[in-house]
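# Structure assessment
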Amino acid sequence: MMALQRFPNAAIVSSKILGEKLKFPNRRTAANRFMKAAMTERLSTYDPQNPKKHGLPTKEVLNIYDKWGRGEYGMIITGNVVVDPTNLEAIGNAIIFEEGDSEERRSLYAQWAKNMKHDGALAIMQLSHAGRQSSIWVNRTPFGASDIELKTDPPGTMYGKPIALTTEQIKTEVVDRFVYAAKYAYECGFDGIQIHGAHGYLLTQFTSPTTNNRTDKYGGSLENRNRIIIEIYEAIRKEVPESTGFLVGIKSNSKEFQEKGTTVNDARDLCEAYEKHGFDFVELTGGTAEKYVFAHERESTKIREAFFVEFADAIRPVFKNTVLYLTGGFRTVGAMIDAVEKGTTQGIGLARPATAEPDLPKKILNGSVPSAVKDAFNPNDIIKQIMASGSQIEQMGRKSVEDAGGDVMDQISDYSDPKMVELFIQATYKLFEEGKQAAMAGKAPKTVVVME
Ligand SMILES: Cc1cc2nc3c(=O)[nH]c(=O)nc-3n(C[C@H](O)[C@H](O)[C@H](O)COP(=O)(O)O)c2cc1C
(Lines give C-alpha, C1' and ligand atoms only; values in the text may rest on other atoms or scores of the structure.)
Protein backbone atom coordinates (compact mmCIF):
# COMPACT_ATOMS: atom_id res chain seq x y z
CA MET A 1 0.00 0.00 0.00
CA MET A 2 1.35 3.47 -0.84
CA ALA A 3 1.74 6.06 1.93
CA LEU A 4 -0.90 8.76 2.31
CA GLN A 5 -0.18 11.68 -0.03
CA ARG A 6 -0.47 15.13 1.52
CA PHE A 7 -0.93 18.65 0.23
CA PRO A 8 2.57 19.89 -0.55
CA ASN A 9 3.64 22.58 1.88
CA ALA A 10 7.00 24.17 1.12
CA ALA A 11 7.44 25.95 4.42
CA ILE A 12 7.25 23.73 7.49
CA VAL A 13 5.96 26.20 10.04
CA SER A 14 5.22 25.91 13.74
CA SER A 15 1.57 25.17 14.41
CA LYS A 16 1.73 26.83 17.85
CA ILE A 17 -0.80 29.57 17.09
CA LEU A 18 -3.37 26.91 16.15
CA GLY A 19 -3.05 25.46 19.66
CA GLU A 20 -4.22 28.71 21.27
CA LYS A 21 -7.39 28.64 23.34
CA LEU A 22 -10.57 30.37 22.18
CA LYS A 23 -12.73 32.09 24.74
CA PHE A 24 -16.48 32.46 24.16
CA PRO A 25 -18.68 35.32 25.40
CA ASN A 26 -20.19 33.02 28.05
CA ARG A 27 -16.61 32.37 29.34
CA ARG A 28 -16.31 28.76 28.17
CA THR A 29 -13.09 28.00 26.32
CA ALA A 30 -12.12 25.69 23.49
CA ALA A 31 -8.70 24.11 24.03
CA ASN A 32 -7.49 25.09 20.56
CA ARG A 33 -8.62 26.67 17.28
CA PHE A 34 -9.66 23.46 15.48
CA MET A 35 -13.27 22.56 14.88
CA LYS A 36 -14.58 19.38 13.28
CA ALA A 37 -17.33 20.81 11.07
CA ALA A 38 -20.75 19.17 10.82
CA MET A 39 -21.00 16.23 8.43
CA THR A 40 -24.21 14.25 8.15
CA GLU A 41 -23.73 10.61 9.16
CA ARG A 42 -27.03 9.21 7.83
CA LEU A 43 -26.56 6.17 10.07
CA SER A 44 -29.29 6.67 12.67
CA THR A 45 -32.47 4.58 12.73
CA TYR A 46 -35.35 5.41 10.37
CA ASP A 47 -38.78 4.27 11.51
CA PRO A 48 -41.31 7.05 10.87
CA GLN A 49 -44.25 4.92 12.04
CA ASN A 50 -42.67 4.32 15.43
CA PRO A 51 -41.57 7.58 17.11
CA LYS A 52 -39.59 5.86 19.90
CA LYS A 53 -37.42 4.08 17.33
CA HIS A 54 -37.13 6.95 14.83
CA GLY A 55 -33.83 8.85 14.54
CA LEU A 56 -31.90 7.04 17.27
CA PRO A 57 -28.11 7.26 16.99
CA THR A 58 -26.74 3.77 16.30
CA LYS A 59 -23.58 2.04 17.52
CA GLU A 60 -21.98 3.16 14.23
CA VAL A 61 -22.63 6.82 15.06
CA LEU A 62 -21.10 6.33 18.49
CA ASN A 63 -18.03 4.61 16.99
CA ILE A 64 -17.49 7.53 14.59
CA TYR A 65 -17.32 10.04 17.43
CA ASP A 66 -15.20 7.69 19.51
CA LYS A 67 -12.59 8.35 16.78
CA TRP A 68 -13.07 12.10 16.29
CA GLY A 69 -13.13 12.41 20.07
CA ARG A 70 -9.50 11.34 20.09
CA GLY A 71 -8.36 13.83 17.48
CA GLU A 72 -7.62 16.82 19.75
CA TYR A 73 -10.18 19.18 18.26
CA GLY A 74 -11.09 22.20 20.37
CA MET A 75 -14.69 21.76 19.23
CA ILE A 76 -16.50 18.89 17.56
CA ILE A 77 -19.84 19.45 15.85
CA THR A 78 -22.19 16.54 15.10
CA GLY A 79 -23.76 16.08 11.67
CA ASN A 80 -27.14 17.76 11.36
CA VAL A 81 -29.52 16.50 14.05
CA VAL A 82 -33.04 17.27 12.89
CA VAL A 83 -35.70 18.84 15.11
CA ASP A 84 -38.76 17.73 13.10
CA PRO A 85 -39.23 13.97 12.48
CA THR A 86 -40.82 14.62 9.09
CA ASN A 87 -38.50 17.31 7.67
CA LEU A 88 -35.23 15.37 7.43
CA GLU A 89 -32.26 16.20 5.25
CA ALA A 90 -31.99 12.44 4.57
CA ILE A 91 -33.07 9.02 5.75
CA GLY A 92 -30.76 8.10 8.63
CA ASN A 93 -30.60 11.55 10.25
CA ALA A 94 -30.50 11.63 14.03
CA ILE A 95 -33.67 13.31 15.34
CA ILE A 96 -34.78 14.91 18.61
CA PHE A 97 -38.51 15.43 19.09
CA GLU A 98 -40.90 15.31 21.99
CA GLU A 99 -42.99 12.34 20.81
CA GLY A 100 -39.82 10.26 20.47
CA ASP A 101 -38.46 10.86 23.96
CA SER A 102 -37.36 7.77 25.89
CA GLU A 103 -34.72 6.60 28.34
CA GLU A 104 -33.05 4.82 25.43
CA ARG A 105 -32.83 8.00 23.34
CA ARG A 106 -31.47 10.03 26.23
CA SER A 107 -28.80 7.48 27.04
CA LEU A 108 -27.68 7.20 23.39
CA TYR A 109 -27.34 10.97 23.07
CA ALA A 110 -25.51 11.13 26.40
CA GLN A 111 -23.06 8.49 25.17
CA TRP A 112 -22.63 10.41 21.91
CA ALA A 113 -21.63 13.57 23.82
CA LYS A 114 -19.28 11.56 26.02
CA ASN A 115 -17.50 9.99 23.05
CA MET A 116 -16.83 13.43 21.58
CA LYS A 117 -15.00 14.54 24.69
CA HIS A 118 -12.19 11.96 25.12
CA ASP A 119 -9.61 14.66 24.39
CA GLY A 120 -11.52 17.51 25.99
CA ALA A 121 -13.30 18.84 22.90
CA LEU A 122 -16.44 20.91 23.36
CA ALA A 123 -19.28 18.65 22.18
CA ILE A 124 -21.64 20.67 20.02
CA MET A 125 -24.81 19.37 18.38
CA GLN A 126 -25.82 20.88 15.06
CA LEU A 127 -29.59 21.40 15.00
CA SER A 128 -31.36 21.64 11.69
CA HIS A 129 -34.70 21.59 9.94
CA ALA A 130 -34.44 20.67 6.28
CA GLY A 131 -37.56 22.49 5.10
CA ARG A 132 -37.83 22.33 1.31
CA GLN A 133 -34.53 20.39 1.19
CA SER A 134 -36.27 17.28 2.65
CA SER A 135 -36.03 14.64 -0.06
CA ILE A 136 -39.26 13.27 -1.53
CA TRP A 137 -38.37 9.89 -0.04
CA VAL A 138 -38.89 11.44 3.38
CA ASN A 139 -41.63 13.96 2.70
CA ARG A 140 -43.39 15.06 -0.49
CA THR A 141 -44.83 18.17 1.14
CA PRO A 142 -42.23 19.57 3.54
CA PHE A 143 -42.46 22.97 5.16
CA GLY A 144 -40.78 26.01 3.66
CA ALA A 145 -40.53 29.73 4.32
CA SER A 146 -42.60 30.06 1.14
CA ASP A 147 -43.97 27.54 -1.35
CA ILE A 148 -40.99 27.82 -3.68
CA GLU A 149 -39.82 24.42 -4.88
CA LEU A 150 -36.20 23.29 -5.21
CA LYS A 151 -35.71 21.84 -8.67
CA THR A 152 -33.02 19.23 -9.31
CA ASP A 153 -32.60 16.67 -12.07
CA PRO A 154 -33.39 13.04 -11.34
CA PRO A 155 -31.76 10.67 -10.42
CA GLY A 156 -30.29 13.14 -7.91
CA THR A 157 -32.25 13.92 -4.78
CA MET A 158 -35.69 15.20 -5.70
CA TYR A 159 -37.77 17.59 -3.67
CA GLY A 160 -41.49 18.22 -3.34
CA LYS A 161 -43.28 21.56 -3.38
CA PRO A 162 -43.07 23.00 0.12
CA ILE A 163 -45.97 24.32 2.18
CA ALA A 164 -45.36 27.84 3.46
CA LEU A 165 -45.38 27.85 7.27
CA THR A 166 -48.12 29.97 8.82
CA THR A 167 -47.10 32.58 11.41
CA GLU A 168 -48.48 30.28 14.12
CA GLN A 169 -46.59 27.27 12.72
CA ILE A 170 -43.33 29.20 12.78
CA LYS A 171 -43.65 29.08 16.54
CA THR A 172 -45.07 25.58 17.01
CA GLU A 173 -43.30 23.73 14.20
CA VAL A 174 -39.97 25.50 14.20
CA VAL A 175 -39.06 27.71 17.17
CA ASP A 176 -40.52 25.38 19.81
CA ARG A 177 -38.88 22.35 18.20
CA PHE A 178 -35.42 23.98 18.13
CA VAL A 179 -35.83 24.96 21.77
CA TYR A 180 -36.92 21.44 22.77
CA ALA A 181 -33.92 19.89 21.01
CA ALA A 182 -31.44 22.43 22.41
CA LYS A 183 -32.62 21.77 25.96
CA TYR A 184 -32.44 18.03 25.29
CA ALA A 185 -28.84 18.39 24.10
CA TYR A 186 -28.02 20.33 27.26
CA GLU A 187 -29.62 17.68 29.49
CA CYS A 188 -27.71 14.93 27.66
CA GLY A 189 -24.34 16.54 28.37
CA PHE A 190 -23.60 18.44 25.17
CA ASP A 191 -21.64 21.66 25.67
CA GLY A 192 -23.70 23.58 23.18
CA ILE A 193 -25.62 23.62 19.93
CA GLN A 194 -25.07 25.10 16.52
CA ILE A 195 -28.14 26.33 14.67
CA HIS A 196 -27.85 25.32 11.01
CA GLY A 197 -28.44 28.61 9.25
CA ALA A 198 -26.66 27.74 6.01
CA HIS A 199 -26.60 25.62 2.82
CA GLY A 200 -30.23 26.20 1.91
CA TYR A 201 -31.92 24.45 4.86
CA LEU A 202 -35.09 25.88 6.41
CA LEU A 203 -33.57 28.86 8.25
CA THR A 204 -31.73 30.02 5.13
CA GLN A 205 -35.00 29.61 3.24
CA PHE A 206 -36.10 32.50 5.46
CA THR A 207 -32.94 34.61 5.25
CA SER A 208 -32.44 34.21 1.50
CA PRO A 209 -34.59 36.32 -0.86
CA THR A 210 -34.56 33.45 -3.40
CA THR A 211 -36.84 31.36 -1.16
CA ASN A 212 -38.73 33.91 0.94
CA ASN A 213 -41.57 35.93 -0.58
CA ARG A 214 -43.52 36.31 2.65
CA THR A 215 -45.31 39.54 3.40
CA ASP A 216 -45.66 39.06 7.19
CA LYS A 217 -43.06 39.95 9.84
CA TYR A 218 -40.84 37.05 8.63
CA GLY A 219 -40.44 38.39 5.09
CA GLY A 220 -39.34 41.54 3.31
CA SER A 221 -36.52 43.36 5.06
CA LEU A 222 -33.36 41.52 6.12
CA GLU A 223 -34.29 42.11 9.73
CA ASN A 224 -37.64 40.37 9.11
CA ARG A 225 -36.02 37.49 7.25
CA ASN A 226 -33.60 36.96 10.14
CA ARG A 227 -36.36 37.21 12.78
CA ILE A 228 -36.96 33.47 13.07
CA ILE A 229 -33.30 32.84 13.93
CA ILE A 230 -33.24 35.56 16.58
CA GLU A 231 -36.48 34.18 18.04
CA ILE A 232 -34.97 30.70 18.23
CA TYR A 233 -31.86 32.09 19.94
CA GLU A 234 -33.81 34.13 22.49
CA ALA A 235 -36.19 31.24 23.24
CA ILE A 236 -33.29 28.81 23.76
CA ARG A 237 -31.62 31.30 26.10
CA LYS A 238 -34.79 31.46 28.21
CA GLU A 239 -34.58 27.69 28.76
CA VAL A 240 -30.79 27.34 28.92
CA PRO A 241 -29.36 30.70 29.99
CA GLU A 242 -25.86 31.90 29.26
CA SER A 243 -24.95 31.38 32.93
CA THR A 244 -25.11 27.57 32.39
CA GLY A 245 -22.06 27.86 30.14
CA PHE A 246 -24.03 26.18 27.32
CA LEU A 247 -22.86 27.52 23.96
CA VAL A 248 -25.23 28.67 21.24
CA GLY A 249 -23.72 29.30 17.82
CA ILE A 250 -24.80 29.35 14.20
CA LYS A 251 -23.50 28.21 10.83
CA SER A 252 -24.19 31.05 8.45
CA ASN A 253 -23.68 31.60 4.74
CA SER A 254 -21.15 34.21 3.67
CA LYS A 255 -22.60 34.24 0.15
CA GLU A 256 -24.93 32.05 -1.87
CA PHE A 257 -23.49 32.54 -5.35
CA GLN A 258 -27.02 32.56 -6.78
CA GLU A 259 -29.03 35.18 -8.54
CA LYS A 260 -30.90 37.10 -5.83
CA GLY A 261 -29.14 34.94 -3.20
CA THR A 262 -27.68 36.25 0.06
CA THR A 263 -24.92 38.77 -0.65
CA VAL A 264 -21.85 39.48 1.43
CA ASN A 265 -23.43 42.70 2.68
CA ASP A 266 -26.53 40.78 3.79
CA ALA A 267 -24.34 38.17 5.44
CA ARG A 268 -22.46 40.90 7.31
CA ASP A 269 -25.73 42.40 8.58
CA LEU A 270 -26.99 38.97 9.66
CA CYS A 271 -23.76 38.40 11.57
CA GLU A 272 -23.96 41.83 13.16
CA ALA A 273 -27.34 40.81 14.59
CA TYR A 274 -25.87 37.53 15.92
CA GLU A 275 -23.08 39.47 17.63
CA LYS A 276 -25.53 41.95 19.11
CA HIS A 277 -27.80 39.24 20.51
CA GLY A 278 -24.88 37.41 22.13
CA PHE A 279 -24.30 34.32 19.98
CA ASP A 280 -21.20 32.52 21.23
CA PHE A 281 -19.86 31.63 17.81
CA VAL A 282 -20.54 31.95 14.10
CA GLU A 283 -19.16 29.53 11.52
CA LEU A 284 -19.00 31.02 8.05
CA THR A 285 -19.57 28.90 4.96
CA GLY A 286 -21.47 29.37 1.67
CA GLY A 287 -23.79 27.87 -0.95
CA THR A 288 -27.01 25.84 -1.04
CA ALA A 289 -28.15 22.43 -2.36
CA GLU A 290 -29.02 24.32 -5.56
CA LYS A 291 -25.47 25.60 -5.78
CA TYR A 292 -22.74 23.66 -3.98
CA VAL A 293 -19.64 25.77 -3.49
CA PHE A 294 -17.28 23.52 -1.58
CA ALA A 295 -14.59 24.43 -4.11
CA HIS A 296 -13.03 27.64 -5.40
CA GLU A 297 -15.47 29.97 -7.13
CA ARG A 298 -12.82 32.64 -7.53
CA GLU A 299 -9.23 32.46 -8.73
CA SER A 300 -8.21 34.97 -6.07
CA THR A 301 -9.02 32.68 -3.14
CA LYS A 302 -6.90 29.76 -4.39
CA ILE A 303 -3.70 31.18 -2.99
CA ARG A 304 -5.23 31.45 0.48
CA GLU A 305 -6.87 28.01 0.24
CA ALA A 306 -10.08 28.67 2.15
CA PHE A 307 -13.01 29.27 -0.23
CA PHE A 308 -14.68 32.09 1.67
CA VAL A 309 -11.68 34.06 3.01
CA GLU A 310 -12.47 37.23 1.14
CA PHE A 311 -16.02 37.23 2.47
CA ALA A 312 -14.80 36.47 5.97
CA ASP A 313 -12.43 39.47 5.70
CA ALA A 314 -15.44 41.67 4.90
CA ILE A 315 -17.60 40.24 7.68
CA ARG A 316 -15.04 39.82 10.48
CA PRO A 317 -15.07 43.46 11.69
CA VAL A 318 -18.64 43.05 13.04
CA PHE A 319 -17.46 40.52 15.61
CA LYS A 320 -16.37 41.85 18.98
CA ASN A 321 -17.25 39.02 21.38
CA THR A 322 -18.72 36.32 19.15
CA VAL A 323 -16.01 33.87 18.10
CA LEU A 324 -15.62 33.38 14.36
CA TYR A 325 -14.86 30.05 12.69
CA LEU A 326 -14.26 29.70 8.97
CA THR A 327 -14.83 26.39 7.19
CA GLY A 328 -14.19 25.31 3.63
CA GLY A 329 -10.93 24.54 1.86
CA PHE A 330 -8.35 24.63 4.65
CA ARG A 331 -5.73 22.00 3.89
CA THR A 332 -2.28 23.25 4.91
CA VAL A 333 -0.95 24.52 8.21
CA GLY A 334 0.54 27.54 6.42
CA ALA A 335 -2.84 28.71 5.10
CA MET A 336 -4.54 28.10 8.46
CA ILE A 337 -1.94 30.18 10.28
CA ASP A 338 -2.10 32.88 7.62
CA ALA A 339 -5.90 33.18 8.05
CA VAL A 340 -5.52 33.50 11.83
CA GLU A 341 -2.59 35.94 11.64
CA LYS A 342 -4.36 38.15 9.10
CA GLY A 343 -7.35 38.30 11.44
CA THR A 344 -9.65 36.67 8.89
CA THR A 345 -10.85 34.08 11.39
CA GLN A 346 -10.21 32.85 14.91
CA GLY A 347 -11.17 29.21 14.46
CA ILE A 348 -10.43 26.73 11.67
CA GLY A 349 -13.22 24.39 10.57
CA LEU A 350 -12.30 21.10 8.91
CA ALA A 351 -14.72 18.74 7.19
CA ARG A 352 -13.42 16.50 4.37
CA PRO A 353 -9.85 16.35 5.77
CA ALA A 354 -11.33 15.01 9.02
CA THR A 355 -12.87 11.96 7.33
CA ALA A 356 -9.62 11.03 5.62
CA GLU A 357 -7.86 11.39 8.96
CA PRO A 358 -9.98 11.73 12.12
CA ASP A 359 -7.00 12.84 14.25
CA LEU A 360 -5.58 15.49 11.91
CA PRO A 361 -5.46 18.30 14.54
CA LYS A 362 -3.50 16.08 16.93
CA LYS A 363 -0.91 15.42 14.22
CA ILE A 364 -0.74 19.10 13.24
CA LEU A 365 -0.40 20.25 16.83
CA ASN A 366 2.38 17.80 17.63
CA GLY A 367 4.16 18.89 14.47
CA SER A 368 4.13 15.50 12.77
CA VAL A 369 2.24 16.62 9.63
CA PRO A 370 2.13 19.96 7.75
CA SER A 371 -1.10 19.40 5.84
CA ALA A 372 -4.17 17.27 5.18
CA VAL A 373 -4.34 14.21 2.96
CA LYS A 374 -4.60 15.26 -0.69
CA ASP A 375 -7.23 13.20 -2.44
CA ALA A 376 -6.86 12.27 -6.10
CA PHE A 377 -10.37 13.39 -7.14
CA ASN A 378 -10.87 16.10 -9.72
CA PRO A 379 -11.03 19.19 -7.43
CA ASN A 380 -14.21 20.36 -9.17
CA ASP A 381 -16.02 17.07 -8.69
CA ILE A 382 -17.52 18.16 -5.41
CA ILE A 383 -20.32 15.62 -5.31
CA LYS A 384 -17.92 12.67 -5.57
CA GLN A 385 -15.67 14.18 -2.89
CA ILE A 386 -18.62 14.64 -0.56
CA MET A 387 -19.74 11.07 -1.23
CA ALA A 388 -16.20 9.81 -0.62
CA SER A 389 -16.19 11.54 2.75
CA GLY A 390 -19.59 9.98 3.46
CA SER A 391 -18.13 6.56 2.73
CA GLN A 392 -15.17 7.23 5.05
CA ILE A 393 -17.63 8.22 7.78
CA GLU A 394 -19.40 4.86 7.29
CA GLN A 395 -16.00 3.13 7.56
CA MET A 396 -15.21 4.99 10.80
CA GLY A 397 -18.48 3.62 12.18
CA ARG A 398 -17.61 -0.04 11.77
CA LYS A 399 -15.53 -0.42 14.93
CA SER A 400 -14.93 1.43 18.17
CA VAL A 401 -11.37 2.60 18.79
CA GLU A 402 -10.88 -0.23 21.27
CA ASP A 403 -12.12 -2.89 18.82
CA ALA A 404 -9.87 -1.35 16.17
CA GLY A 405 -6.83 -1.89 18.39
CA GLY A 406 -6.53 1.83 19.14
CA ASP A 407 -6.25 2.79 15.46
CA VAL A 408 -8.50 5.74 14.55
CA MET A 409 -7.59 5.22 10.87
CA ASP A 410 -8.94 1.65 10.90
CA GLN A 411 -10.65 0.71 7.57
CA ILE A 412 -10.62 4.27 6.16
CA SER A 413 -10.05 4.23 2.38
CA ASP A 414 -7.02 6.13 1.14
CA TYR A 415 -8.33 8.41 -1.60
CA SER A 416 -4.92 9.94 -2.13
CA ASP A 417 -4.33 6.74 -4.13
CA PRO A 418 -5.68 7.21 -7.69
CA LYS A 419 -6.47 3.48 -7.88
CA MET A 420 -8.80 3.79 -4.88
CA VAL A 421 -10.44 6.83 -6.45
CA GLU A 422 -11.04 4.80 -9.62
CA LEU A 423 -12.67 2.01 -7.59
CA PHE A 424 -14.75 4.56 -5.70
CA ILE A 425 -15.98 6.20 -8.91
CA GLN A 426 -17.04 2.78 -10.23
CA ALA A 427 -18.90 2.19 -6.95
CA THR A 428 -20.72 5.53 -7.27
CA TYR A 429 -21.88 4.65 -10.80
CA LYS A 430 -23.22 1.36 -9.44
CA LEU A 431 -24.98 3.25 -6.61
CA PHE A 432 -26.52 5.72 -9.09
CA GLU A 433 -27.71 2.84 -11.31
CA GLU A 434 -29.21 0.97 -8.35
CA GLY A 435 -30.70 4.27 -7.15
CA LYS A 436 -32.47 4.75 -10.49
CA GLN A 437 -33.91 1.23 -10.33
CA ALA A 438 -35.01 1.74 -6.72
CA ALA A 439 -36.62 5.08 -7.55
CA MET A 440 -38.52 3.55 -10.45
CA ALA A 441 -39.79 0.87 -8.08
CA GLY A 442 -40.89 3.62 -5.68
CA LYS A 443 -38.17 2.90 -3.12
CA ALA A 444 -35.71 5.34 -1.56
CA PRO A 445 -32.27 5.20 -3.23
CA LYS A 446 -29.26 4.58 -0.97
CA THR A 447 -27.03 7.62 -0.49
CA VAL A 448 -23.90 6.17 1.10
CA VAL A 449 -21.30 4.23 -0.90
CA VAL A 450 -20.03 1.28 1.14
CA MET A 451 -16.43 0.41 0.18
CA GLU A 452 -14.77 -2.77 1.44
C1 LIG B 1 -20.02 14.17 3.83
C2 LIG B 1 -20.37 15.60 4.16
C3 LIG B 1 -21.50 15.87 4.91
C4 LIG B 1 -21.80 17.19 5.29
N5 LIG B 1 -22.88 17.42 6.10
C6 LIG B 1 -23.07 18.65 6.63
C7 LIG B 1 -24.01 18.86 7.67
O8 LIG B 1 -24.69 17.94 8.15
N9 LIG B 1 -24.16 20.12 8.14
C10 LIG B 1 -23.40 21.17 7.67
O11 LIG B 1 -23.54 22.29 8.15
N12 LIG B 1 -22.48 20.99 6.71
C13 LIG B 1 -22.28 19.76 6.20
N14 LIG B 1 -21.27 19.57 5.30
C15 LIG B 1 -20.41 20.71 4.89
C16 LIG B 1 -19.15 20.79 5.73
O17 LIG B 1 -19.43 21.03 7.10
C18 LIG B 1 -18.20 21.90 5.22
O19 LIG B 1 -18.85 23.14 5.36
C20 LIG B 1 -17.76 21.69 3.77
O21 LIG B 1 -17.46 20.32 3.53
C22 LIG B 1 -16.51 22.53 3.42
O23 LIG B 1 -15.44 22.23 4.28
P24 LIG B 1 -14.17 21.32 3.80
O25 LIG B 1 -13.58 21.99 2.59
O26 LIG B 1 -13.24 21.30 4.98
O27 LIG B 1 -14.70 19.96 3.45
C28 LIG B 1 -20.98 18.26 4.87
C29 LIG B 1 -19.86 17.98 4.08
C30 LIG B 1 -19.53 16.68 3.74
C31 LIG B 1 -18.28 16.41 2.95
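First, a word on what this report is: a plain description of the structure on this page. (Residues numbered from 1 in each chain as written. Predicted model: local features only at pLDDT ≥ 70, side-chain atom pairs only at ≥ 80, totals over all residues. Heavy atoms only, no water.)

## Structural notes on the overall build of the protein
- What the protein contains, in helices and strands, is 13 helices and 14 strands.
- A compact globule built from 452 residues should have a C-alpha radius of gyration of about 22 Å, and the protein, at 20 Å, falls within 12% of that.
- Summarising its shape, the C-alpha atoms of the protein cover approximately 55 × 55 × 45 Å along the three principal directions.
- For the protein, buried positions account for 60% of its 452 residues.
- The long-range share in the protein, meaning contacts at least 24 apart out of those at least 6 apart in sequence, stands at 72%.
- One finds the centroid of the 56 positive side-chain charges in the protein at a distance of 1 Å from the centroid of its 59 negative side-chain charges. (Helix = DSSP H or I, 4+ residues; strand = E, 2+ residues; numbered from the N terminus. Rg over C-alpha atoms; globule rule 2.2 N^0.38 Å. Buried < 20%, exposed > 50% of the residue type's maximum accessible area, 1.4 Å probe, protein only. Contact = heavy atoms within 4.5 Å. Lys, Arg positive; Asp, Glu negative; His and termini not counted. Charge placed at Lys NZ, Arg CZ, Asp CG, Glu CD.)

## Focus on the site of the ligand
- Every one of the 23 residues lining the ligand counts as a neighbour, but Ala38, Gln126, Lys251, Gly329 and Arg352 are closest to it.
- In the environment of the ligand, an oxygen atom lies 3.2 Å from a nitrogen or oxygen atom belonging to the backbone of Asn80.
- Taking 610 Å² as the accessible area of the ligand by itself, protein coverage stands at 95%.
- Breaking the shell around the ligand down by element, the ones donating at least two residues are helix H10 (352-356) and helix H12 (382-396).
- Broken down by element, the shell around the ligand gets its largest block of residues, 3 residues, from H12.
- Along the lines of polarity and charge, the residues of the shell around the ligand split into 9 nonpolar, 11 polar and 3 charged. (Near = heavy atom within 4 Å. Polar contact = N/O pair within 3.5 Å; in protein donor to acceptor, adjacent residues only side chain to side chain. Areas by Shrake-Rupley, 256 points an atom, 1.4 Å probe, with all protein chains shown as cover. Nonpolar A, V, L, I, M, F, W, Y, C, P; charged D, E, K, R; others polar.)

## So, the pairing of strand E7 (residues 122-128)
- Of all 7 residues making up E7, 7 are buried, and the element is well covered by its neighbours.
- Residues Leu122, Ile124, Gln126 and Ser128 of E7 are buried on one face, and the alternating residues Ala123, Met125 and Leu127, pointing to the opposite face, are buried as well.
- Of the strand pairs in this sheet, strand E5 (residues 81-82) and E7 are connected by 2 bridges, and their pairing is parallel. Bridged to Val81 within E7 is Leu127. (Pairing = 2+ DSSP bridges.)

## Considerations on helix H3 (residues 167-187)
- End to end, H3 covers 29 Å across 21 residues, agreeing with the expected 30 Å (1.5 Å per residue, within 8%).
- Where H3 bends most, at Asp176, the angle is about 30°.
- Within H3, the full set of buried residues consists of Ile170, Val174, Val175, Arg177, Phe178, Val179, Ala181, Ala182, Tyr184 and Ala185.
- In this structure, the buried side of H3 is in contact with helix H2 (103-116), E7, strand E10 (192-197), helix H4 (202-207) and helix H5 (222-239).
- Just downstream of H3 lies Gly189, where phi reads positive at about 100°. (Expected span 1.5 Å × (residues − 1). Bend = angle between axes of the 7 residues up to and from the residue.)

## What about the pairing of strand E14 (residues 347-350)?
- Residue alternation in E14 divides its side chains into two sets, Gly347 and Gly349 and Ile348 and Leu350, and both sets are buried.
- Relative to E14, strand E3 (residues 34-36) runs parallel, the two sharing 3 bridges. Note that in E14 the partner of Lys36 across the bridge is Leu350.
- Here strand E13 (residues 323-327) pairs with E14 via 3 bridges, running parallel. Residue pairing for E14: Thr327 is matched across the bridge by Gly349.
- The parallel pair E13 and E14, bridged by helix H9 (residues 333-341), forms a crossover whose chirality is right-handed. (Right-handed = clockwise from strand over helix to strand, strands pointing away.)

## A few points about unusual backbone geometry
- For Arg27, which is not glycine, the phi torsion reads 85° and is therefore positive.
- Tracing the chain through its elements places Arg27 in the loop between strand E1 (22-23) and strand E2 (29-30).
- Here the phi dihedral of His199 falls at roughly 55°; this positive angle occurs in a residue that is not glycine.
- Looking at where His199 falls in the secondary structure, it is placed in the loop between E10 and H4.
- Overall, His199 belongs to the buried group, its relative accessible area being 12%.

## Examining the environment of Val82
- Within the element layout of this structure, Val82 appears in strand E5.
- Considered as a pair, Val82 and Lys67 are 15 residues apart in the sequence and their alpha carbons are 23 Å apart.
- Here Val82 is in contact with Asn87, Leu88, Glu89, Asn93, Ala94, Ile95, Ile96 and Ser128, once residues within four sequence places are set aside.

## Some words on the packing of aromatic side chains
- Throughout the structure, instances matching the rule amount to 16 aromatic pairs.
- The structure contains a cluster of three or more aromatic residues connected by ring pairs, namely Tyr65, Trp68, Tyr109, Trp112, Tyr180, Tyr184 and Phe190.
- One Lys or Arg, Lys36, reaches over the ring of Trp68 and ends 4.2 Å from the middle of that ring. (Phe/Tyr/Trp six-rings, centres within 6.5 Å; stacked < 30°, edge-to-face > 60°. Lys NZ or Arg CZ within 6 Å of the ring centre and 35° of its normal.)

## So, empty space enclosed by the protein
- Following the criterion strictly, the structure yields 2 cavities of 30 Å³ or more and no others.
- Of the volumes computed, that of the second largest cavity is approximately 50 Å³.
- Lining the second largest cavity are 10 residues; nearest its centre among them are Gly197, Thr204, Thr207, Ser252 and Leu270.
- Classifying every residue of the lining of the second largest cavity by side-chain character gives 3 nonpolar, 6 polar and 1 charged. (1 Å grid on protein atoms, 1.4 Å probe; cavity = no way out; pocket = protein on both sides within 12 Å on 5 of 7 lines; lining within 4 Å. Points joined across faces, edges and corners; volume = space filled by probe spheres on them.)

## Concerning the packing of H12 against helix H13 (residues 418-440)
- At a closest axis distance of 11 Å, the pairing of H12 and H13 adopts a crossing angle of 95°. Taken together, the axis directions place H12 and H13 in an arrangement best described as roughly perpendicular. Listed contacts from H13 to Lys384, Met387, Ala388 and Ser391 of H12 are Phe424, Ile425, Thr428, Tyr429, Leu431 and Phe432.
- Classifying every residue of the contact of H12 with H13 gives 7 nonpolar, 2 polar and 1 charged. (Axes fitted to C-alpha atoms, helices over the stretch in contact; angles between N-to-C directions. Parallel < 35°, antiparallel > 145°, perpendicular 65-115°, else oblique.)

## Overview of the environment of Ser146
- Inspection of the secondary structure assignment puts Ser146 in the loop between strand E8 (143-144) and strand E9 (163-164).
- Here Ser146 falls in the buried class, since its relative accessible area comes to 4%.
- Expressed as a C-alpha distance, the spacing of Ser146 and Leu56, which sit 90 residues apart in the sequence, is 30 Å.
- Each residue touching Ser146, except ones within four places of it in the same chain, is listed here: Pro162, Ala164, Thr211, Asn212, Asn213 and Arg214.
- A polar contact of 2.9 Å, which involves the side chain of Ser146, links it to the side chain of Asn213.

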